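One letter stands for each residue in the lines below.
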Amino acid sequence: MNRFILAAILSLALCVAASAQAQKTKTNQNSTKPSQPAAAKSTQPMDTEYTDSIIKNTTDKMFLTELVDHLPASATVPSPAKILGYPIGTPGKLTYTADIYRYFEALAKASPRVKIFYAPEKSEEGRQQMLIVVSDEANIAKLSRYKEITAKLADPRTLNDDAAKQLISEGKAFYWASGSIHSPETGSCEMLMELAYRLAVEDSPTINAIRQNDIVMITPALEVDGHDAMVDLYNYRSANKGKRAPGLIYWGKYVAHDNNRDGLGMALALSRNQMATFLEYHPTILHDLHESVPFLYTSTGTGPYNAWLDPIVVDEWQTLAYYEIEEMTKRGVPGVWTHGFYDGWAPNYMFYVANGHNSIGRFYETFGNGGADTQDRVVRAESNRDWFRPNPPLPRVKWSIRNNINMQESAILLAMNYVANNKDKYLSNFYLKSERSVAKAKTEGPAAYVLPSSETRPVEQAELLNLLKLQGVEVQRLNKDIETKDGKFGAGSYVVRMDQPYSRMADMLLDTQYYNVNDPRPYDDTGWTLGPLHNVKTVRVKDIAILDAPMTLTNGNITPQGKTEGQGMAGIVVNHTGESAIAQLRFRLPDVKFTAAEAPFKIGDKNFNAGSYIIRAEGNSSDVWDKVKREVFALGLTATAVDKVPDVATHAISVPRIALVHTWINTQDEGWYRVELDRLGIPYTYISDQSIGKMTNLRDKFDVIIFGPVRTSAQNIVRGNASYGDKEAPIPWKKSDLTPNFAMAPDQTDDIRGGLGLRGIANIKDFVDAGGLFITVADNASLPIDFAITSGVTVQDAKQLQARGSVLNTVFADRRSPIAYGYDDKLTVYFNQSPILNVAAGGFGGGGGFGGGDNAGNTGRPSGRGTTAADDPDIPQGRTPDYLIPPTPPDPAAAALQPPPETRPRIVLRFAPEKELLASGMLAGGSELAGKPAVVDVPVGKGHVVMFANNPIWRHETHGSFSLLWNAILNYDNLNAGRSTGRGNRPDAGEEFYEQMDH
Ligand SMILES: [Zn+2]
C-alpha cells in the first residue's frame, strides 16, 4: 500500500516538474519556430475558411507543419468541406463510410487525377471496400501500363536486367495508404479525404513530385463494418455525456483488433481484399495507419525481426522511419520516434501482404482520442527520453483530432515525397528482392517444401495449399515418383518451390520458429508453423535435385477428390481422418442415422480409425447411399459401401444442438469460433452469458454449450461489466436512432452490465447434471473449477513457464476417448501461456499425485543432488534409496475409498515431455507444462465438462486441432466410450501414454 502511495506522490511530482518544463519548451518553440524547409509553400489561391479551421483546431503550432497548415482552393474540385459540410478535423465530427465514399465519388468525378475502384469482395456485413487512386492525370491515363510494369518487376524469371532497368526508369512507385483497420482509431478515415484532395489540387514542389512519380492508392477505412459502428458509438457517447457508454464491442462481424492478425489465415474479407489488391498493383509501399501511442510512432521495431525477410526490407523500414523523424523534428514537431514499440517478428499482420511479398509494409501509431473530441491527455512512459526517442512527446498535452490528422498527413506526405524522389531506387530494390527470392532455392535454401501424395488428410492438405495460393504462391505437382536426399515422394505430391517470387512468404508460413526468451517480450504470437498446426505433413527439402524433377504448375484451387468404393448394400463406411470435413458430413445429413466405431477396424487390408462412421442401410431411407455419395464427393472424402457391417462396437452420432456463449466483456477470441462454425456450416445458437444466467432450462434447448475464450478470471466472467446499482442508467449495445449500424452486430442487449452471474453457474451445473456437455477453452477452465462444477482438476500458476503464443507438441493419453477419434498418436497445438491444468491422483483434491506433478517428469523436484535426468536420482543420505524399495501392491480397501473410476477426470491429450514439447516459437520453463493435460474430460452427473488448455480454434491457423472440438461435440452423449475401468489411484489415462513417457 505504502509503496503505491509513495509511487503516486513521486509520479505527481515528476508530472508537475515535467509539465513546467513542457510549458517552457512550448514558449520557446512558439517563439523560435524553426525556419520551415523552403519552397514547400504553394502560390495558388487558398481556401481561407478551411485553412482557418485547420489553424483553429490545432491546439498548438508545434503540431502543425507547412505541408498541412493550409488548403488550396479549387474552382472545379470540391474540398471535403464542400461535400461533407465541415472541414476535416472539426471537433465532434466523424464521417460515416457512405459519406466518405460520397466525397471520393465527387472528387473522382471532378478531377482527372482521381479514380475509384472497389475491392473484389464485399465485407462480411455486405459493404463495399473502396480503393482510390490519385496521381498525375497522365499517370492515371496509363494506369494499366504502370500496373504491368510492377507486375513484371515482381517476377524476374521473365526479365533480364536491361529490360528491368528500362521498366524501372519508366515505372512509378505505388504508395498505398490504408486507413483504420482498427475501428476505434478514427483519424485516418478523415485524414485520407483531405490528403486525396490535396494530392489532386495542390500545386507545390512537394505535391507535384508525388503526383509525378508516385501513384497514391488510398483505402479510406479498411474495417468498413467496424468504422460505421464506431461512428455510431461516438455519436451515442456525444449524446450521453456524463453517462457510462459501452466500448466498441463488435468491430467486424467476427473479430475486433485481431482483424490485423489475419495475415496468415486470411479468414476475413478485408485480408483477402488487401492480398488481391496487392497482387494486382504490386505497390512499392503499403502504409497501415494506426493510432495508440503519442505522438507519432513510425514503424521499425525492437526485434527480433522476422528471420525470413530479405534484410533489404528491414533497412528500408529504418531509412523511411528515420527520414520522417528527421524531417518532422526539423519542423519543430515533438514526439516523432521509432523502435521501442512492437517487435517485427510475426507475419500475421495485414501489412504482410507487402512485407511478405518483397514490398515494404510499414505503419504509424499516432495519438488518437478514440473519437473527435479535444481532450487534456497525460502521456506516461512515452514522454521519457530514450536513445530511440531523443525528442519525446510532452508529458501533458491538449490534444485534438486535428493534431492527429496533422501528424499523420505531414509525415505521410514526407514519406510519399521521399519515395517519389527515390522511386528508381525503390523499384530497383523491389526487383532485387524479387530476384533474390527466386535465387533463394539455391542460395540460402531450402529448395522446396513437399506436401506428399501419401497424406492421409487430403482435404486439410488442399486447404493449406489453397491458402498458399491465396498468398500468391505457386504450387506444382510431381509428374512421377522421385527420390531426394530428404525423402522419396510419390507422383502427385505437391511441391512449393523456393525459386519463385513469393518463396519467402511460403517459407515463413511453413518453416519452424525459434524465439529466444531473452529477446524483448514478444508483441504477439511467437510461433505459427502451419503444416503441424494444420496436422498436415510438410517436408522441408534442402536437396536442390527436387528442382529438376518433372512437375506441373497447378491452376486454380486444389480440390480434393471425393471417392466411393465397394458395391455392398449393408452399409457405408467413412474413415475418420481427423479432418473437419468428417464433422461437416454429419451436419449436412441431419436426417441420416450415423454411428461411430469405438475402435479401429479393417475392411480387407484397409485400416479404419476409431470414430469412423458406419451408416447402416437398416434404419435409413433407401436413398441414403445417394445422399452420402453426394456429400462425400462435395467434401473430398472417401466412402466405402460394404456388404457386411464391420464387427466393432458403435454408438449413435446425433446432431447436437450447440450454443456458443459470449460475454459482453470481450467478443474477440470467440469470434474465431464463429468464423469456423459458419464456414463449415455447423449450426449453433449465439448467446450471451447474461442470457445463460436467465435460462433455467438450458438442457431443454441445448446439448452442447461452448463457452468462448475470454482471457479473464472466472470471477470477472461471473461479475461481468461492473454495475453501480439502480441509480445508474442501463448501458445498451443496441440498435437505436443514434446507433443504426448496431443492427448488424451478432448480438444486442439493453444493458451490458452484469455477467454470467451465480445463477448462470447454477444453470450450467444443472445443464451438465442433466446430460449436457459444457466446453471451456483456455483460461475459462477456471469457471467449472473455481465454482466447483468439477472435481479433481485444478489450475496451477506458472512460475517459470514462458510459452507466449507458441506451437507445442502433445501426445494422446487416451486414444479410446471419442475426442481422439481420427488422430494419430501425436498432435501439434497452439498454446498461449495458460492455463496449466492439473489432474489430481484419484480424481479428487488438489495437487498432483506423481512427485508434485501428475506424471510430468521433473516438475516440482526439490533442490538436491544430480541432474534432472530420471536415471540420475537424488538420494536422501543415510537410508536406502527410494527406487530400491519394492512397490507396495495396491490395497483393495484403500482403492474402495477412491472415487469410482467412471467419475474421474479422463485425460485425453497431454503436453509432450519437456524435450519434445516445443514445436515452434518460444518455450522456457517447459517442465511446468510437460506432461500436463491439454484436453480433460470430466464426467459430472449425467453429462461432461471438457476443458481445453490449448486453444483449438485460433485465428484460422489451427485446423489440425479443430476435430478435437468437433469430436467432443458430436460424441457429447457418448464421451465415456472406451473408458478403462479401475486403474488404482492414477488419473484415468490410457496406457499408451505411460509407454510414451517412459522412454
Ligand atoms: Zn491499431
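Described below are features of the structure shown in this document. These numbers come from a predicted model, not from an experiment. (Residues numbered from 1 in each chain as written. Predicted model: local features only at pLDDT ≥ 70, side-chain atom pairs only at ≥ 80, totals over all residues. Heavy atoms only, no water.)

## A few points about the overall build of the protein chain
Within the protein chain one finds 30 helices and 37 strands. For the protein chain, the C-alpha radius of gyration of 31 Å lies close to 30 Å, the compact-globule estimate for 999 residues. C-alpha extents for the protein chain along the principal axes are approximately 95 × 75 × 65 Å. Nonlocal contacts in the protein chain, meaning residues at least 24 apart in sequence, comprise 80% of its contacts between residues at least 6 apart. (Helix = DSSP H or I, 4+ residues; strand = E, 2+ residues; numbered from the N terminus. Rg over C-alpha atoms; globule rule 2.2 N^0.38 Å. Contact = heavy atoms within 4.5 Å.)

## What about the pattern of salt bridges?
Any two side chains of opposite charge can pair, so long as their charged atoms come close to each other. Applying the stated criterion across every chain, the model contains 54 salt bridges. For Glu327, the salt bridge is made with Lys330, and the minimal N-O distance between the two is 3.1 Å. Linking Glu327 with Lys330, this pair stays in helix H12 (residues 311-330), spanning three residues, or about one helical turn. Given the relative accessible area of 10%, Glu327 is considered buried. Judged by relative accessible area, which is 41%, Lys330 ranks as partly exposed. When the shortest N-O distance is used, the salt bridge between Lys440 and Asp507 registers 2.7 Å. Of this pair, Lys440 sits in the loop between helix H15 (423-439) and strand E11 (448-451) while Asp507 sits in helix H17 (residues 503-510), and the two are 67 residues apart along the sequence. Here Lys440 and Asp507 have matching classes, each one buried. (Salt bridge = Lys/Arg side-chain N within 4 Å of Asp/Glu carboxyl O. Buried < 20%, exposed > 50% of the residue type's maximum accessible area, 1.4 Å probe, protein only.)

## Topic: the coordination of the zinc ion
Looking at the metal site, the zinc ion is ligated by His182 (ND1), Glu185 (OE), Glu185 (OE) and His290 (ND1), spaced 2.1 to 2.4 Å from it. Here the zinc ion is ringed by four donor atoms whose angles at the metal span 56 to 154°, and the overall shape comes out irregular. Mapped onto the sequence, the residues coordinating the zinc ion show the spacing H-x2-E-x104-H. Each member of the pair His182 and Glu185 is classed as buried. (Donors = N, O, S within 2.8 Å, 3.2 Å for Na, K, Ca; no water. Tetrahedral: all angles 85-135°; square planar, octahedral: opposite > 155°, others 65-115°.)

## Considering the packing of aromatic side chains
What the rule picks out here adds up to 39 aromatic pairs. Measuring from centroid to centroid gives 6.3 Å for Tyr418 and Tyr426, while their planes differ by 65°, and the two rings are edge-to-face. Taking the centre distance of 5.1 Å and the plane angle of 70° together, the rings of Phe831 and Phe911 count as edge-to-face. In this pair, Phe831 is assigned in strand E32 (residues 826-831) and Phe911 in strand E34 (residues 906-911), connecting sequence segments 80 residues apart. Accessibility expressed as a relative area gives 0% for Phe911, which makes it buried. Here the aromatic cluster, defined as three or more aromatic residues joined through ring pairs, consists of Tyr297, Trp337, Phe341, Tyr342, Tyr349, Phe351, Tyr352, Phe363, Trp387, Phe388 and Tyr523. Looking at Lys147, its charged tip hangs above the ring of Tyr281, at a distance of 4.6 Å from the centre. For Arg389, the ring lying beneath its charged end belongs to Trp337, and the centroid distance is 4.4 Å. (Phe/Tyr/Trp six-rings, centres within 6.5 Å; stacked < 30°, edge-to-face > 60°. Lys NZ or Arg CZ within 6 Å of the ring centre and 35° of its normal.)

## Structural notes on helix H29 (residues 959-970)
Here H29 spans 17 Å end to end across 12 residues, near enough to the 16 Å set by a 1.5 Å rise per residue. Within H29, 12 of the 12 residues are buried, which leaves the element mostly enclosed by the surrounding structure. Among all positions in H29, only His959, Gly960, Ser961, Phe962, Ser963, Leu964, Leu965, Trp966, Asn967, Ala968, Ile969 and Leu970 are buried. (Expected span 1.5 Å × (residues − 1).)

## A few points about the sheet that holds strand E18 (residues 563-565)
Overall, mixed pairing links the six strands, which are arranged E18-E24-E19-E23-E20-E25 in an open sheet. Both edges of this open sheet fall to E18 and strand E25 (650-653), since each of them pairs with a single strand only. Sheet twist, expressed as the average angle between the axes of neighbouring strands with direction ignored, equals 30°. Alignment of E18 against strand E24 (residues 638-642), held across three bridges, turns out to be parallel. Within the sheet, the bridge partner assigned to Thr564 lies in E24 and is Ala639. Contacts from helix H19 (residues 580-588) reach strand E19 (571-574), strand E20 (594-597), strand E23 (613-616) and E25, with the element oriented near 25° to E23. (Pairing = 2+ DSSP bridges. Axes fitted to C-alpha atoms, helices over the stretch in contact; angles between N-to-C directions.)

## Re helix H20 (residues 624-635)
Taking 1.5 Å of rise per residue, the 12 residues of H20 would be expected to cover 16 Å, and the 16 Å separating its terminal C-alpha atoms lies within 8% of that figure. Taken as a whole, H20 has its buried residues at Val624, Val628, Glu631, Val632 and Leu635. Each buried residue of H20 lies within a common arc of 105° when the element is viewed along its axis, so the set occupies one face. For H20, the exposed residues lying more than 90 degrees away from the buried face are Asp626, Arg630 and Ala634. For H20, the elements touching its buried residues are helix H16 (458-470), E18, E19, H19, E23 and E24. Phi for Gly636, located one or two positions after H20, is positive at around 80°. (Arc of directions from axis to C-beta.)

## Regarding the sheet that holds strand E6 (residues 296-298)
With mixed pairing, the eight strands of this open sheet are ordered in space as E1-E2-E4-E3-E5-E8-E6-E7. Taken across any chain shown, the strands that pair with only one partner, and hence form the sheet edges, are strand E1 (114-118) and strand E7 (336-337). Two strands pair when backbone bridges link them, and strand E5 (residues 285-291) and strand E8 (residues 360-366) are joined in this way by seven bridges, in the parallel orientation. Looking at the pairing, His287 lines up with Arg362 of E8. Where helix H4 (residues 97-110) meets the sheet, its contacts fall on E1, strand E2 (130-134) and strand E4 (214-219), and the angle it forms with E1 comes to roughly 135°.

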